[in-house]
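# Report on the structure
Chain by chain, the residues:
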Amino acid sequence: MALIEAKSICKSFGDLAVLKNVSLSVGQGEVVCIIGPSGAGKSTFLRTLNHLESITSGQIVIDGQLLDDRADGVNRSPLSKKEESAILLEMGMVFQRFNIFPHKTVLENVMLAPLHVRKMSKEDARARAEDLIGRVGLTDKLGVYPSKLSGGQQQRVAIARALAMEPKIMLFDEPTSALDPELVGEVLAVIKKLASVGMTMLIVTHEIGFARDVADKVVFMYDGTILEEGAPQDIFSNPQNERTRTFLQAVL
Amino acid sequence: MNNLERMAGWIPPLIDASKITLSLSVISVVLGMVAGTFIALGRISANKAVSRACSVYIFIFRGTPLLMQLFFVWYALPLAIPELTIQNRFLAACIAFTINSAAYQAEIIRAAIQSIDSGQMEAAKSLGLTYAQAMRHIIIPQSIKRLIPPVGNEFIMVLKDTSLVSTIALVDLMKRTSQIQSSASTALVYLPSAALYLIFTAVFTYLFSWLEKRHSVYE
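Here's a quick rundown of the structure. (Residues numbered from 1 in each chain as written. Chains lettered and ligands numbered in written order. Predicted model: local features only at pLDDT ≥ 70, side-chain atom pairs only at ≥ 80, totals over all residues. Heavy atoms only, no water.)

## Concerning the overall build of chain B
Within chain B, the secondary structure is distributed over eight helices and zero strands. When the helices and strands of chain B are listed from N to C terminus, the series reads α-α-α-α-α-α-α-α. Dimensions of chain B, computed from C-alpha atoms along their principal axes, come out at roughly 75 × 50 × 20 Å. Summed over all atoms, the accessible surface of chain B reaches about 11300 Å², with 68% contributed by carbon and sulfur. Separation between the mean location of the 17 positive side-chain charges and that of the 11 negative ones in chain B comes to 3 Å. (Helix = DSSP H or I, 4+ residues; strand = E, 2+ residues; numbered from the N terminus. Areas by Shrake-Rupley, 256 points an atom, 1.4 Å probe, with all protein chains shown as cover. Lys, Arg positive; Asp, Glu negative; His and termini not counted. Charge placed at Lys NZ, Arg CZ, Asp CG, Glu CD.)

In structure tokens:
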């Protein structure tokens, strides 16, 4: 069964249509990479899934539950605010600019949501946070404030922070675009590790090599629509669409 | 008696009256900050009616003279609504100054909150925090450091503006100064009085810059 089912998503900012009938399905344990030129609507699409942007029309089904059902901007979903929040918790998100909390230490960043949202005990939240921080290789930075960390380390903390809520799906919005080139590898390695343990992931990325490596499916977006999708070897070695070809020639 | 000795003799009564000046300033700025926080949150709230009401509040109390607000609380309110007569001059002054300072601090706090990168709120939301939790744990703590310099400024303004209470016969530093001036028939008393105001502002300026440094630990 698909964990994410987006059906005919449309999104406009005023007169500007940024998403035009985008449909995508992501199965359990699948890693899907979205590529495409900037302004294609990749990030916007990702952000509509966890309600950082509202859609104008379309349906979003998460783990079999209808999260969004809109037509002409009118919400037809019968969900209460509480039910909606519960479904949204199934998705964790990692941002291009990390958005780590600067006034909290690494440990506090990761503990915060389990404490206040899941109402976990301090001991449990701490144990979980320490475990996750260890898994992203930052055990020696537990009590450190983010300003003392490199971009790559901050992004790894952000990943641990999202994982602490035990989401079924991870959304990555250009997780390495704001990083110095030498720091990209450490973040991609953490994401790869997640892929290897079966995490369902939707990743907007410009790292073509990484997408080829890790993705089960690659989606090419252009001008608010999905022009092409398929297995990475097909998309990268034998793109069908002219626009995909042009884009890949430019970035490879 | 030479002038220096005379001035030294005025210092104890001036300091005594300064208690009113200082306590009024601290109470008004602290209460004004509490009220101002709620007004600021209301001002940026998605609820149009709440936001509108808070804007109107700020418009009125920033847009009229503080002296007029003080007179309103002390003189006009008892005439308009006798039940709201305030017997205590100090209490009346606290009310007027708090109401006024809340309007100024609401704008300071709103600006500080809105200066926090929107990604912080997005990250908090994506982790499942409610708007109120995000404000409380993420946004407001980060805005505090940015609040300190303008609130320090506001405090010094209020400290000096408390001299207006001499008009409702509350004996603050200013009122005591003018009492001494008329009883001693000399303007010399303004020297120690001004020196006291300067000492107070200097102490609080130092205090606020210390607070600012203390809040920079994570940067």
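## Observations regarding the sheet that holds strand β5 (residues 65-71) of chain A
Residue and element names in this part refer to chain A. Within the open sheet, the five strands sit side by side as β2-β1-β4-β5-β6. Their pairing is antiparallel. Both outer strands of the open sheet, β2 (16-27) and β6 (74-75), are each paired with one neighbouring strand and no more. Against the sheet, helix α1 (residues 42-49) engages β1 (2-13), β2, β4 (57-62) and β5, with an angle of about 120° to β1. (Pairing = 2+ DSSP bridges. Contact = heavy atoms within 4.5 Å. Axes fitted to C-alpha atoms, helices over the stretch in contact; angles between N-to-C directions.)

## Re the interface of chain B and chain A
Taken together, the 18 residues of chain B in the interface contact 24 residues of chain A. Carbon and sulfur atoms make up 63% of the surface buried where chain B meets chain A, a total of about 1700 Å² over both sides. Here chain B is connected to chain A by one salt bridge. The partner of E122 of chain B in a salt bridge is R47 of chain A, with the nearest N and O atoms 2.6 Å apart. At the junction of chain B with chain A, the criterion picks out seven residue pairs in polar contact (both at pLDDT 80 or more). Secondary structure elements with two or more residues in the side of chain B that touches chain A: α5 (118-126) and α6 (131-161) of chain B. No other element matches the seven residues that α5 of chain B contributes to the side of chain B that touches chain A. Tallied by class, the residues present in the side of chain B that touches chain A amount to seven nonpolar, seven polar and four charged. (Buried area = accessible area lost by both parts, 1.4 Å probe. Salt bridge = Lys/Arg side-chain N within 4 Å of Asp/Glu carboxyl O. Polar contact = N/O pair within 3.5 Å; in protein donor to acceptor, adjacent residues only side chain to side chain. Nonpolar A, V, L, I, M, F, W, Y, C, P; charged D, E, K, R; others polar.)

## With respect to a nonpolar patch on the surface
On the surface, V26, V30, V34 and F38 of chain B cluster together into a nonpolar patch covering about 360 Å² of accessible area. Its place among the elements puts V26 of chain B in helix α1 (residues 3-43). (Patch = residues over 30% accessible without salt bridge, like charges linked within 9 Å, V, L, I, M, F, W, Y side chains within 5 Å.)

## Describing the side chain of Q154 of chain A
All names here are of chain A. One can find Q154 in helix α5 (residues 151-163). Owing to a relative accessible area of 15%, Q154 belongs among the buried residues under this scheme. Those residues in contact with Q154 that lie beyond four places of it in its chain are F98, I100, P146 and L149. (Buried < 20%, exposed > 50% of the residue type's maximum accessible area, 1.4 Å probe, protein only.)

## Side note on the pairing of β2 of chain A
In this sheet, β2 of chain A lies alongside β1 of chain A in antiparallel orientation, the contact comprising eight bridges. Bridge pairing in β2 of chain A links S12 of chain A to A17 of chain A.

## Regarding empty space enclosed by the protein
Any space left empty among the atoms is revealed by the rolling of a water-sized probe across them. All names here are of chain A. The tally for this structure, following the rule as stated, stands at one cavity of 30 Å³ or more. Here the largest cavity defines a volume of roughly 40 Å³. Residue contributions to the lining of the largest cavity peak at three residues, all from strand β7 (residues 91-94). Residues that form the lining of the largest cavity fall into these classes: seven nonpolar, two polar and no charged. (1 Å grid on protein atoms, 1.4 Å probe; cavity = no way out; pocket = protein on both sides within 12 Å on 5 of 7 lines; lining within 4 Å. Points joined across faces, edges and corners; volume = space filled by probe spheres on them.)

## What to know about the packing of aromatic side chains
Think of a pair of aromatic rings as described by two things: how far the centres are apart, and how the planes are tilted against each other in angle. Applying the stated criterion across every chain, the model contains six aromatic pairs over all chains. Aromatic side chains F220 of chain A and F247 of chain A sit 5.4 Å apart centroid to centroid with 45° between the ring planes, which places their arrangement in the tilted category. Highlighted residues: F220 of chain A in strand β10 (residues 217-222) and F247 of chain A in helix α9 (residues 242-251), separated in sequence by 27 residues. Note on F247 of chain A: relative accessible area 11%, which makes it buried. Both rings, one in F155 of chain B and one in F208 of chain B, keep their centres 5.9 Å apart while their planes meet at 45°; by these two values the pair is tilted. One end of the pair, F155 of chain B, is in helix α6; the other, F208 of chain B, is in helix α8 (residues 190-214), and 53 residues separate them in sequence. A residue is classified by how much of its surface remains accessible, and F155 of chain B, at 4% relative accessible area, is buried. Residue F208 of chain B is classed as buried on the basis of its relative accessible area of 15%. Joined through ring pairs, the aromatic side chains of F220, Y222 and F247 of chain A make up one cluster. (Phe/Tyr/Trp six-rings, centres within 6.5 Å; stacked < 30°, edge-to-face > 60°.)

## Brief notes about α5 of chain B
Every α-helix carries 3.6 residues per turn, so stepping three or four residues along brings you back to the same face. Burial analysis of α5 of chain B places seven of its nine residues in the buried class, the great majority of the element. Listed as buried for α5 of chain B are G119, Q120, M121, E122, A123, A124 and S126 of chain B. Tucked inside the fold, the buried residues of α5 of chain B contact α1, β7 and α5 of chain A together with α6 of chain B. The first or second residue beyond α5 of chain B is G128 of chain B, which carries a positive phi of 95°.

## Considerations on the packing of helix α4 (residues 89-114) of chain B against α6 of chain B
Residue and element names in this part refer to chain B. Between α4 and α6, the shortest axis-to-axis distance is 8 Å and the interhelical angle comes to 140°. The orientation of α4 with respect to α6, classified from their angle, is oblique. Relative to α6, the crossing made by α4 is right-handed. Facing F97, S101, Y104, Q105, I108, I109, A112 and I113 of α4, the residues of α6 in contact are M135, I139, I140, S143, R146, L147, P150, V151, E154, V158 and D161. (Parallel < 35°, antiparallel > 145°, perpendicular 65-115°, else oblique. Left-handed = near helix turned anticlockwise from the far one by under 90°.)

## Things to note about the sheet that holds β7 of chain A
Residue and element names in this part refer to chain A. Read across the open sheet, the six strands follow the order β7-β8-β9-β3-β10-β11; overall the sheet is mixed. Each edge of the open sheet carries a strand with a single partner, namely β7 and β11 (225-230). For this sheet, the mean inter-axis angle between neighbouring strands, taken without regard to orientation, is 20°. Alignment of strand β3 (residues 31-35) against β10, held across four bridges, turns out to be parallel. Bridge assignment links I35 to a residue of β10, and that residue is F220.

## Quick notes on the pairing of β1 of chain A
Residue and element names in this part refer to chain A. Taken together, β1 and the strand that follows it, β2, pair antiparallel across an intervening segment of two residues, in which G14 is found at a positive phi of about 65°. Pairing of β1 with β4 involves five bridges; the strand directions are antiparallel. Across the sheet, the residue bridging to K7 is Q59, located in β4.

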